Amino acid sequence: MKNTVSVLLTAALLAGSLSAADKLVIKGSDTLGAKLVPLVAEAFKAANPEVAFEIAAEGSTTGIAAITDGTAQIGMSSRRAKPTELSAALAKGVSMKPTIVAYDGMAVIVNEANPVAQLTVRQVEQIFTGDVTDWSAVGGNPGKFSIYTRNTSSGTYSDWKELAMKKRDYAGSSQKMAGNEQIAAEVANNPNGIGYVGLAYTHVPGIRVVAIVGKNGKAVLPDDETVQAKSYPYARPTFFYTNGEPHGLTAQFVEFMLGAEGQSIAKEVGFVPVAKE
Amino acid sequence: MRKLPLALLALCGGIALTAATAVAQDSGPLIDLLVKKGLINDQEAEELRTDLTKDFATNTSAGKLNLGSQITEFKLGGDIRLRHQYQETRSQNTTLTTNRTRERFRFRFNGDVQMQKGWSAGFALETASAADSGNQTFENGADDYSISLARAYVAWQPRNDLKFVAGKQRNPIYTTDLVWDGDINPQGVAELYTLSLGGKDTLEFRALQSIMDDNNEATAGRAGNDAWLFAQQAVLTKYFGGTKLILAPGYMVYSTSTVSGLTNETPFNGDTSNLSLVTFAGELEFANVGGGANSVKLYWDSSYNTEAADRVHKVYALPTADKDAFAWLVGIGYNHGSGKLQGDWSVRADYRRIGLGSVDPNLSDSDFGFGNLNQSGYKIGAAYNLVDFCSLNLTYFRTSDIRDTLKHAVAGLDKSSILQVDLVTKF
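This is a predicted model, so every value here is computed, not measured.

**Points about the overall build of chain B**
In terms of helices and strands, chain B carries four helices and 19 strands. When each of the 427 residues of chain B is scored for burial, the buried share is 46%. Across chain B, the fraction of contacts at a sequence separation of at least 24, relative to all contacts at a separation of at least 6, is 60%. Here chain B has roughly 20,700 Å² of accessible surface; of this, 58% comes from carbon and sulfur atoms.

Shown next as structure tokens:
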């Protein structure tokens, strides 16, 4: 009887561990989690049908917190982990490991009816910080800016402050949107709208991408070449965060993401693939 | 994953061993350069960045702070002062002198925050709730003591020459403790405008609207009015080579009201009427005296109440005299060194005379004649820096009355003397 019970218990434990091992929980960035990661997961699942995915895209902060809390195997993030997040993780015995999975050019978008075709980095800073309030100040038709930004839990929100605003505060009039799609939709509907979205969201009807004039005086549009060469000023890596070196199923998925199929999907949905050595 | 090259590991190790925590925050440009030169790829750069950030986050206290992005500077500081005080007093119309020894301390903790777009804010915590003193006397067998909020303010400086401050704040008026005790932080709104006169010369206009007592408006008459102090001042700062001249004429007036419930060390409840003070303070400082950072300073202050006769007669119910209207102070000081380094020392002495109707007794120095009016005398002080952040200070006050035989809470002191021995440690 004792042997029968122990065999049953062992079988139940094994079944439980297999079940847990075949499920990959991925949380974090909306930039990565809205399109790219679900498509890559689908492709991975096609080759590994026993694997189940749970993907929650609610902002980079939630992804990094999920690794710290142990509630996800992969934390998607469109920004680097902050020192306080790293120390909080270490306090719980978690060692954050970043892996670059793709690059993203953060595109400045305006309504397609807007005549402004390019902006300098200084003008972009002035617009998003509220130093200027009217399109006429940057060569456009008179009209107050309608500024659309991501919400505060978004990695893109803080990345934009760092890359484009010299870490200054957003204009008080800026409106916070839940995701890239909402920003693109608002700008498409508002002739005075301006916002920023990942490259994956630049093909929404009704919007146009503005070229950015950097210090060298050249107007640059975000694309694979300018992002990889870092000549586009608002380019950034995107990350998978794991607790230490990924292993098991997590490592398999990370490798798949960095492999030919994963990077191909990244390119298809508007990201810039990680350059091959 | 690619392994970091040996040379890079050596570089990282060097950074870690030498100044990892200091370098961590500034390593971005260095890492970017390594990527640009092809020494490492982006992935290796991220791992390096993360390692350095972890090191910064775990091995430095600064790395554990999570400050809002609007904050550009957050300064914390304060001091602890241990004091031995010996005091003697004698009231008018008596020959009895009383003396007392007090062992006291003062704790202060300040935070000042600079933010974007010209905003700033600050706070100060200190022992004791009295506006004019942060001293707490050691008493009652190892008691614990309360901490009070001495400052809480917000400031906005839209331009370099214009600043607004609201809340309980540092006194914005240039003055001495003849008119305004250095411990008193006014509460209200201040406006400061600075006009540049070329070089370091400036002409400042300062205004303060400070609430002195909040009363219930539902109460009819004077008891229902709020007591406000309105102070305005021009401050000219002019340099003649190494010599600095400051001239600061001003005017202070109160809205008429009763005041009550003050917690000053020597509280003077009563009435704010008939206080219309014309003030004039200033200093002449000679820098680089005898070489080095030594300096000699002549300083003065004065206050003339244009309604002194009415104040003495109506508010204090005492007979008036010509000398009641005027308060003045002249002093001289010598600083050997900047006062910030070990071994620096200073001495100063002033003589002052405070007429019965000349100033607001709630604001003038609480140590000189214990805050009484109708006093004349001197204050002598010396300080020596034991180390950069700790000084030993001696201060002696001696006063006597100007007019005899007055029986009143603000004018009844015949003689007083106070000796204070302080050990002040800043942190």
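**With respect to the interface of chain B and chain A**
Interface extent is often summarised as the accessible area lost during association of the parts. Counting residues at the interface gives 23 residues for chain B, matched by 26 residues for chain A. Buried surface at the junction of chain B and chain A, both sides included, amounts to about 2,000 Å², of which 53% is carbon and sulfur. Joining chain B to chain A, the criterion identifies three salt bridges. For the salt bridge of Glu-46 of chain B with Arg-80 of chain A, the shortest nitrogen-to-oxygen distance reads 2.7 Å. Here the element with the most residues in the side of chain B that touches chain A is helix H3 (residues 42-59) of chain B; it accounts for eleven residues. Here the side of chain B that touches chain A is composed, by residue class, of five nonpolar, ten polar and eight charged.

**Here we look at the confidence of the model for chain A**
Chain-level statistics for chain A give a pLDDT mean of 87 and a share of 91% at 70 or above. Ignoring residues within four places in sequence, the model shows residues 1-20 of chain A, a span with pLDDT below 50, making one contact including any to other chains.

**Quick look at the sheet that holds strand E11 (residues 219-220) of chain A**
All names here are of chain A. Pairing is mixed across the open sheet formed by three strands, whose spatial order is E5-E10-E11. Each having just a single partner strand, strand E5 (118-120) and E11 make up the two edges of the open sheet. Note that E5 and strand E10 (residues 211-213) share three bridges and pair parallel. Within E10, the position partnered with Gln-118 by the bridge is Ala-211.

**Remarks on unusual backbone geometry**
Negative phi values dominate among residues other than glycine, just as trans dominates among peptide bonds. Residues and elements named next belong to chain B. Backbone geometry places Lys-117, a non-glycine residue, at a positive phi of 60°. Within the secondary structure, Lys-117 is located in the loop between strand E2 (97-115) and strand E3 (119-127). Overall, the relative accessible area of 46% leaves Lys-117 in the partly exposed class. Positive phi values are uncommon outside glycine, yet Asn-140 reaches one of about 50°. Mapping Asn-140 onto the fold places it in the loop between strand E4 (136-137) and strand E5 (147-159).

**Some words on helix H8 (residues 180-189) of chain A**
Residue and element names in this part refer to chain A. Where H8 is concerned, the buried positions are Asn-180, Ile-183, Ala-184 and Val-187. Down the axis of H8, the buried set is contained in an arc of 95°. They therefore lie on one face. In the core, the buried residues of H8 are packed alongside helix H2 (30-33), strand E4 (96-111), strand E6 (146-150), strand E7 (175-177), strand E8 (193-198) and strand E9 (207-209).

**Examining the side chain of Thr-399 of chain B**
All names here are of chain B. With respect to the helices and strands, Thr-399 occurs in strand E18 (residues 390-401). A polar contact of 2.6 Å, which involves the side chain of Thr-399, links it to the side chain of Gln-375. A distance of 2.6 Å separates a polar atom in the side chain of Thr-399 from a polar atom in the side chain of Ser-416. Other than its neighbours up to four places away in sequence, Thr-399 contacts Phe-368, Gly-369, Gln-375, Ser-376, Gly-377, Leu-413, Asp-414, Lys-415 and Ser-416.

**Overview of the packing of aromatic side chains**
Tallied over the entire structure, the rule returns 26 aromatic pairs over all chains. With a centroid separation of 4.8 Å and 20° between ring planes, the pair formed by Phe-105 of chain B and Phe-138 of chain B is classed as stacked. One end of the pair, Phe-105 of chain B, is in strand E2; the other, Phe-138 of chain B, is in the loop between E4 and E5, with 33 residues separating them in the sequence. Among the residues examined, Phe-138 of chain B registers a relative accessible area of 44% and is labelled partly exposed. Put simply, the rings of Phe-44, Phe-53, Phe-240, Phe-253 and Phe-256 of chain A touch in pairs and so form one group of aromatic residues. The lysine or arginine in question, Lys-35 of chain A, covers the ring of Tyr-201 of chain A, its NZ or CZ lying 4.8 Å from the ring centre. For Lys-200 of chain B, the ring lying beneath its charged end belongs to Tyr-239 of chain B, and the centroid distance is 4.3 Å.

**Some thoughts on helix H2 (residues 27-36) of chain B**
Residue and element names in this part refer to chain B. Ser-27, Gly-28, Ile-31, Leu-34 and Val-35 are the residues of H2 that are buried. With its buried residues spanning 125° around the axis, H2 presents them on a single face. Opposite the buried face of H2, at more than 90 degrees from it, the exposed residues are Pro-29 and Lys-36.

**What to know about the environment of Asp-401 of chain B**
Residue and element names in this part refer to chain B. Among the secondary structure elements, Asp-401 is positioned in strand E18. Asp-401 sits in the buried class, given a relative accessible area of 13%. Counting along the chain gives 28 residues from Asp-401 to Leu-373, while the straight-line C-alpha distance between them is 8.4 Å. Excluding residues within four positions of it along the chain, Asp-401 makes contact with Gln-92, Asn-374, Gln-375, Leu-413 and Asp-414.

**So, the pairing of E4 of chain A**
Residue and element names in this part refer to chain A. Among the 16 residues in E4, 16 count as buried, and that is most of the element. Bridge analysis of E4 against strand E12 (residues 235-243) gives nine bridges, and the strand direction is antiparallel. Bridged to Gly-105 within E12 is Ala-235. Pairing between E4 and E8: five bridges, direction antiparallel.

**Comments concerning the environment of Asn-243 of chain A**
Residue and element names in this part refer to chain A. Topologically, Asn-243 is positioned in strand E12. Taking C-alpha positions, Asn-243 is 6.1 Å from Lys-97, a pair spaced 146 residues apart along the chain. With residues up to four places along the chain from it excluded, the contact list for Asn-243 reads Ile-67, Gly-93, Val-94 and Ser-95. Among the polar contacts made by the side chain of Asn-243, one reaches the main-chain amide nitrogen of Ser-95 at a distance of 3.2 Å.

**What to know about the pattern of salt bridges**
Residue and element names in this part refer to chain A. Following the criterion strictly, the structure yields 35 salt bridges over all chains and no others. For Asp-224, the salt bridge goes to Lys-267, with nearest N and O atoms at 2.3 Å. A residue pair is termed long-range when its members are at least 10 positions apart, and Asp-224 in helix H9 (residues 224-228) and Lys-267 in helix H11 (residues 260-268) qualify at 43 residues. Take Asp-224: its relative accessible area is 24%, and that puts it in the partly exposed class. When its relative accessible area of 47% is taken as the criterion, Lys-267 is described as partly exposed. When salt bridges that share partners are traced, they join Arg-122, Glu-125, Asp-131, Lys-166 and Arg-168 into one network.

**With respect to the packing of helix H10 (residues 248-258) of chain A against H11 of chain A**
Residue and element names in this part refer to chain A. Where H10 meets H11, the closest approach of the two axes is 4 Å, and the angle between their N-to-C directions is 55°. Taken together, the axes of H10 and H11 are oblique relative to one another. Residues Phe-256, Met-257 and Leu-258 of H10 pack against Ala-260, Glu-261, Gly-262, Gln-263 and Ala-266 of H11. In terms of residue class, the contact of H10 with H11 is made up of five nonpolar, two polar and one charged.

Conventions adopted
Residues numbered from 1 in each chain as written. Chains lettered and ligands numbered in written order. Predicted model: local features only at pLDDT ≥ 70, side-chain atom pairs only at ≥ 80, totals over all residues. Heavy atoms only, no water. Helix = DSSP H or I, 4+ residues; strand = E, 2+ residues; numbered from the N terminus. Buried < 20%, exposed > 50% of the residue type's maximum accessible area, 1.4 Å probe, protein only. Contact = heavy atoms within 4.5 Å. Areas by Shrake-Rupley, 256 points an atom, 1.4 Å probe, with all protein chains shown as cover. Buried area = accessible area lost by both parts, 1.4 Å probe. Salt bridge = Lys/Arg side-chain N within 4 Å of Asp/Glu carboxyl O. Nonpolar A, V, L, I, M, F, W, Y, C, P; charged D, E, K, R; others polar. pLDDT = per-residue confidence, 0-100. Pairing = 2+ DSSP bridges. Arc of directions from axis to C-beta. Polar contact = N/O pair within 3.5 Å; in protein donor to acceptor, adjacent residues only side chain to side chain. Phe/Tyr/Trp six-rings, centres within 6.5 Å; stacked < 30°, edge-to-face > 60°. Lys NZ or Arg CZ within 6 Å of the ring centre and 35° of its normal. Axes fitted to C-alpha atoms, helices over the stretch in contact; angles between N-to-C directions. Parallel < 35°, antiparallel > 145°, perpendicular 65-115°, else oblique.

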